[in-house]
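Spelled out from the first residue to the last, the chains are:
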Amino acid sequence: MTTSTRGAARVPAVLVLEDGRTFRGRAYGAVGETFGEAVFSTGMTGYQETLTDPSYDRQIVVATAPQIGNTGWNDEDDESSRIWVSGYVVRDPARVPSNWRAKRSLDDELERQGVVGISGIDTRALTRHLRERGSMRAGIFSGEALAPEADLLARVQAQPQMKGASLYEEVATKEAYVVPAVGEKRFTVAAIDLGIKGMTPHRMAERGIEVHVLPATATADDVYAVDPDGVFFSNGPGDPATADGPVALMTAVLERRTPLFGICFGNQILGRALGFGTYKLKYGHRGINQPVQDRTTGKVEVTAHNHGFAVDAPLDKVSETKFGRAEVSHVCLNDNVVEGLQLLDQPAFSVQYHPEAAAGPHDAAYLFDRFVSLMEGQRA
């Protein structure tokens, strides 16, 4: 439930966590109530891309950067057709946006899209709490939605957990569409939309790839109807343990030995297809400053992340799978979480982060070139 008011900044608001901790502040964006999993993102810029990333479906995002909204909101940087976060938490919202590309303020856009937020709270204390206790269910309440804290806590605790949530079909396209190659067409790729960001097919198109973006419910017949040189599995929200359909589709692709590249949710799908398990991280990786080592080269990359689940695969050995040998290709240097997988006996690999870097560093852009190399090798 949301209502709109131009005086939102003067309306009291409260953030209630499922463990009973509360933070009081002021309404930001729409006034009303919202629920989701409270998570924090460490990016100091790129909030527009974050808010429109479908992987944040059903999550209340806490911005760790103290001031948010300085660059306003433009019409070019959206990663999808709408804001997907359930709610937004900031400490010090910019009073006036200051950027030549801005068309309106962040506050106005949140209000326009009915996204309930809260400002003026100690986001550092909130982030420390989530690091210690883990990501958890939360609610933001303002205006007429305010009630005794015991009642609000009961409503938060009645919400579904993220573990076991199947969300990828909610955010994926319902109809297939094509992103044409920039310049001469070199390859055709079938991209399975599990929550794809707009910059991802654009990065492939820049490399001469015609991208056919298919719904999450696509079948193997749908994929091979476009005669693909390669298949891509995108990022997306929710628990990968629920994604039996995409796992079955990836299995069919692997059986045909078609070059395959997956990112984020797609990495977890590859893990499951290879027989590995997945698990929920305590508080996840979210932001544009996460250090990852490419174990195939030894290079350390600064990368953009958004994941609360990870693949459970051994770091210290090559694993035997039904599709041949597999190994962990990338690892997070903060906590040794698996950040990439690759097959050694056929052309398939994946990473747990965003090589399209929207927003973020460009250290991982070479992964699209690696995908191109796989398709070139297969064609040869």
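Basis of the calculations
- Residues numbered from 1 in each chain as written.
- Predicted model: local features only at pLDDT ≥ 70, side-chain atom pairs only at ≥ 80, totals over all residues.
- Heavy atoms only, no water.
- Axes fitted to C-alpha atoms, helices over the stretch in contact; angles between N-to-C directions.
- Helix = DSSP H or I, 4+ residues; strand = E, 2+ residues; numbered from the N terminus.
- Parallel < 35°, antiparallel > 145°, perpendicular 65-115°, else oblique.
- Left-handed = near helix turned anticlockwise from the far one by under 90°.
- Contact = heavy atoms within 4.5 Å.
- Nonpolar A, V, L, I, M, F, W, Y, C, P; charged D, E, K, R; others polar.
- Disulfide = S-S within 2.5 Å.
- Buried < 20%, exposed > 50% of the residue type's maximum accessible area, 1.4 Å probe, protein only.
- Polar contact = N/O pair within 3.5 Å; in protein donor to acceptor, adjacent residues only side chain to side chain.

**Q** Mind laying out the packing of helix α8 (residues 244-255) against helix α9 (residues 265-273), listing which residues take part and the relevant values?
**A** It is the contact of α8 with α9, at a shortest axis distance of 9 Å, that shows an interaxial angle of 70 degrees. Compared by their axis directions, α8 and α9 come out roughly perpendicular. Here α8 and α9 pass one another in a crossing that is right-handed. In this structure, α8 contributes Asp244, Pro246, Val247, Met250, Thr251 and Leu254 to the contact, and α9 contributes Gly266, Ile269, Leu270, Arg272 and Ala273. Split by residue class, the contact of α8 with α9 holds 7 nonpolar, 2 polar and 2 charged.

**Q** I'd like a description of the state of the cysteines, backed by residues and values.
**A** In the structure shown here, the tally under the stated rule is 0 disulfides. Between Cys264, a cysteine without a disulfide, and Cys332, which holds the nearest cysteine sulfur, the sulfur-to-sulfur distance is 13 Å. Overall, the relative accessible area of 2% leaves Cys264 in the buried class. Classification of Cys332 by relative accessible area gives buried; the value is 0%.

**Q** Quick one: what's the story with the side chain of Gln342, residue by residue and with numbers?
**A** Topologically, Gln342 is positioned in strand β20 (residues 338-343). Polar contacts involving the side chain of Gln342 include one to the side chain of Glu327, which spans 2.6 Å. Once residues lying within four places of it in the same chain are set aside, the contact partners of Gln342 are Thr296, Arg325, Ala326, Glu327, Ser329, Ala348 and Phe349.

Bear in mind that shape data such as this cannot, by itself, settle questions of function.
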